[in-house]
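Fold and geometry: a report
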Amino acid sequence: MNSYPISIRPFGIHAILLEWPSRVDVAILEDILQFTQYIKECCLKGEEWEIVPAYNSVTLIYREAPIDFKELKTKLLDWYKEDIKVVKRQKNLWRLPVCYDEDFGIDLKELSEKSGNTIDELVKLHTSHIYTVFGIGFLPGFTYLGGVPEELQFNRRPEPRSKVLKGSVGLAGKQTGIYPQDSPGGWNIIGKCSVPMFDPKAKEPCFISVGDQVQFHKITKAEFDLYEIESEVGIYKLEKIVLDA
Amino acid sequence: MLKVLKSGLFTAVQDIGRYGYLNKGVPVAGFMDGVSAKKANRLLDNDAHAAVLEITMTGPTLFFEEATYICMTGALLSATLNNEPINNYEVIKIKEGDILSYGKLEKGFRNYLAIKGGFKTPLFLGSRSLFSSVTKKNHLVDGNELEYDECSHFEPKISKLKVDSFLDEKDLMVTQGPEYGHLSDKQLEMIFGKKFSISNENNRMAYQLEEKIVGLSISMITSATLPGTVQLTPSGKLIILMKDGQTTGGYPRILQLSDRAISVLAQKKYGDEVRFKLNA
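Residues numbered from 1 in each chain as written. Chains lettered and ligands numbered in written order. Predicted model: local features only at pLDDT ≥ 70, side-chain atom pairs only at ≥ 80, totals over all residues.

**A word on the overall build of chain A**
Counting its regular elements, chain A contains five helices and 14 strands. The C-alpha radius of gyration computed for chain A amounts to 20 Å, which stays within 12% of the reference 18 Å derived for 245 residues, consistent with globular compactness. Overall size of chain A, expressed as C-alpha extent along the three principal axes, is 55 × 40 × 35 Å. Out of the 245 residues belonging to chain A, those deemed buried represent 38%. Summarising the internal contacts of chain A: among those between residues at least 6 apart in sequence, 66% fall at separations of at least 24. (Helix = DSSP H or I, 4+ residues; strand = E, 2+ residues; numbered from the N terminus. Rg over C-alpha atoms; globule rule 2.2 N^0.38 Å. Buried ≥ 20, exposed ≤ 12 C-beta atoms within 10 Å, placed from the backbone. Contact = placed C-beta atoms within 7 Å.)

**Focus on the domain arrangement of chain B**
Residue and element names in this part refer to chain B. According to the domain assignment, chain B contains domain 1 (2-164) and domain 2 (169-278). The centre of domain 1, based on its C-alpha atoms, is set 28 Å off from the matching centre of domain 2. In this assembly, 18 residues from domain 1 lie in contact with 15 residues from domain 2. Looking at the side of domain 1 that touches domain 2, the elements with two or more residues in it are α1 (34-43), β5 (68-81) and β8 (99-115). Residue composition of the side of domain 1 that touches domain 2, by class: nine nonpolar, seven polar and two charged. (Domains from an automatic or database assignment. Nonpolar A, V, L, I, M, F, W, Y, C, P; charged D, E, K, R; others polar.)

**What to know about the packing of α1(B) against helix α4 (residues 259-266) of chain B**
The axes of two packed helices give the description: the angle between them and the distance between them. Residues and elements named next belong to chain B. α4 packs onto α1 with a crossing angle of 90 degrees between their chain directions and a minimal axis gap of 7 Å. The orientation of α1 with respect to α4, classified from their angle, is roughly perpendicular. Contacts between α1 and α4 involve G34, V35 and S36 from the first element and D259, R260 and S263 from the second. Looking at the contact of α1 with α4 residue by residue, the class counts come to one nonpolar, three polar and two charged. (Axes fitted to C-alpha atoms, helices over the stretch in contact; angles between N-to-C directions. Parallel < 35°, antiparallel > 145°, perpendicular 65-115°, else oblique.)

**Remarks on the sheet that holds strand β18 (residues 273-278) of chain B**
Residue and element names in this part refer to chain B. The sheet built from seven strands closes into a barrel, its strands ordered β10-β17-β14-β15-β12-β11-β18 with mixed pairing. Neighbouring strand axes in the sheet, compared pairwise and without regard to direction, differ in orientation by 40 degrees on average. Bridge count for strand β12 (residues 206-209) against strand β15 (residues 238-241) is three bridges, and the pairing is antiparallel. Opposite Y207, over in β15, you have I240 as the bridge partner. Contacting β10 (171-176), β12, β15, β17 (253-257) and β18, α4 runs over the sheet at an angle of about 140 degrees to β10. (Pairing = 2+ DSSP bridges.)

**A closer look at the interface of chain A and chain B**
In this assembly, 33 residues from chain A lie in contact with 24 residues from chain B. Every element with two or more residues in the side of chain A that touches chain B is listed here: β1 (7-10), β2 (15-19), β3 (50-54), β4 (57-61) and β6 (131-136) of chain A. The element contributing the most residues to the side of chain A that touches chain B is β3(A), with four residues. Taken together, the residues of the side of chain A that touches chain B sort by class into 22 nonpolar, nine polar and two charged.

**Observations regarding the pairing of β2(A)**
Within a regular strand, side chains alternate between the sheet's two faces. Residue and element names in this part refer to chain A. Of all the five residues making up β2, five are buried; the element is thus mostly covered by neighbouring parts of the structure. Residues A15, L17 and E19 of β2 are buried on one face, and the alternating residues I16 and L18, pointing to the opposite face, are buried as well. Sheet topology note: the β1/β2 ladder contains four bridges and is antiparallel. Considered in β2, the bridge of I8 is made with L18. In the sheet, β2 pairs with β4 via five bridges, with the strands oriented antiparallel. Within the sheet, the bridge partner assigned to L18 lies in β4 and is V58.

**Remarks on the environment of A:I32**
Residues and elements named next belong to chain A. Among the structural elements, I32 can be located in helix α1 (residues 26-43). Here the alpha-carbon distance between I32 and G211, two residues 179 residues apart in the chain, equals 9.6 Å. Those residues in contact with I32, other than ones at most four positions away along the chain, are W20, P53 and V58.

**Here's the deal with the nonpolar core**
In this structure, B:A40, B:V52, B:A114, B:I240 and B:L265 are the most contacted members of the largest nonpolar core, which totals 135 residues. In this structure B:L265 touches B:L172, B:Y207, B:I240, B:L257 and B:V274, once residues within four positions along its chain are discounted. (Core = buried A, V, L, I, M, F, W, Y, C linked by C-beta atoms within 7 Å.)

**Quick word on the domain arrangement of chain A**
Residue and element names in this part refer to chain A. Here the domain parsing of chain A yields domain 1 (7-86) and domain 2 (90-244). Taking only C-alpha atoms into account, the centre of domain 1 sits 29 Å from that of domain 2. Counting from both sides, the interface comprises seven residues of domain 1 and, opposite them, seven residues of domain 2. Contributing elements (two or more residues each) for the side of domain 1 that touches domain 2: α1 and β3. Sorting elements by how many residues they give to the side of domain 1 that touches domain 2 places α1 first, with three residues. Its residues assigned to classes, the side of domain 1 that touches domain 2 comprises seven nonpolar, no polar and no charged.

As structure tokens, this is what we get:
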């Protein structure tokens, strides 16, 4: 039923690492998420596991007690052979507002010169693609978004900046992402998103999950200012579309 | 209330940590040296997860507004109560208006000050542990006030512990990390054949080691990391992630420290030596 060869390894005594073939592939990510949802709902129900998917792997962590690795590995391989599609998985497509003014998109000019595309063309490329969240890490709420078109694939900056502002939208290699807080960073900055990606005061501090999709849409500076205030006071309504995975 | 008259070098409220948000990139945080923090809580008959103060190197000066009991474990840090010397690893009765101050660090790096019932500071995402992305500040500052419950009478089951040899340990027990199999014989010999010293890049996020070994450049796709994960960079640097460490990473994860080894390491400071011991 499930065709990928998966490898399972211990990761200390409290964690186990499951790896799918080593490539960045939406189909692999979907298989991982389908499987982890299946084991969460049907196999590990009631147990306090933390599940960290990223790209082609998922790490299962159990802090209460040491894991019996051999036993769990056998079980996981058996569970993977079962019909994991019995659980229905949904994912969200988030439409995130980004202001690409050069005040925010401080590297747009340089990228335009490097690539031969105008700034408008770069922005159009960035907003016309739908990206997949392959992982969340580095900082709370920092999403690794894959699916960046070739024309937007630029090397990281040779020297990281000591401070990239919260909300900055960056490009690096095959990835794009949003800095959830002020942080040092080496990505090329092309704009700023007015929606906070991580809010520890919110009921759900990070609305986005691995496997979700993101599309950016261009807003003006005036809209940015308005949405930022609306987000702060909690009345900004995020645009989301629920999709069957 | 506990009033922080002087905050010391780096004093932070920590409990057992923040569970359930690793998939959103939020590190677990919590006691760096869980072994010592739990001892302090146990002597006071507290829950194992009760919030304590983690005091790094230089201690604070603290004013107690209500009676309670305290206990200090972890690093040996000389302390006085109203200018009278008091012992670490012992339950101490506190009266209203007492002032606790600290002196010289004798051994180790992080001291744990537990209070009867635990500190009752606000919970953020289920934990009181300070971590800047979640709680804004990652350490206390002069003038902070921390809530605790008054306790005027308590009879500890055990009132005193011997300071064990824990702070002198150099061996870090490790198991193989996910990318252990990529290490060459030469690299293994370097890792397990010699001592390493702690670099000045050491904090709650990660401990870097001073000595480099032959690097590892394998193509890695970003994947989960844990407290105690030892990463080997292409340039040969060894980085040991700690409790505030990032939750995913792209460097090979060659070793994984045991829970106890994380505590042992948390008591090391710049220049101290450690050795890796593989637990088969």
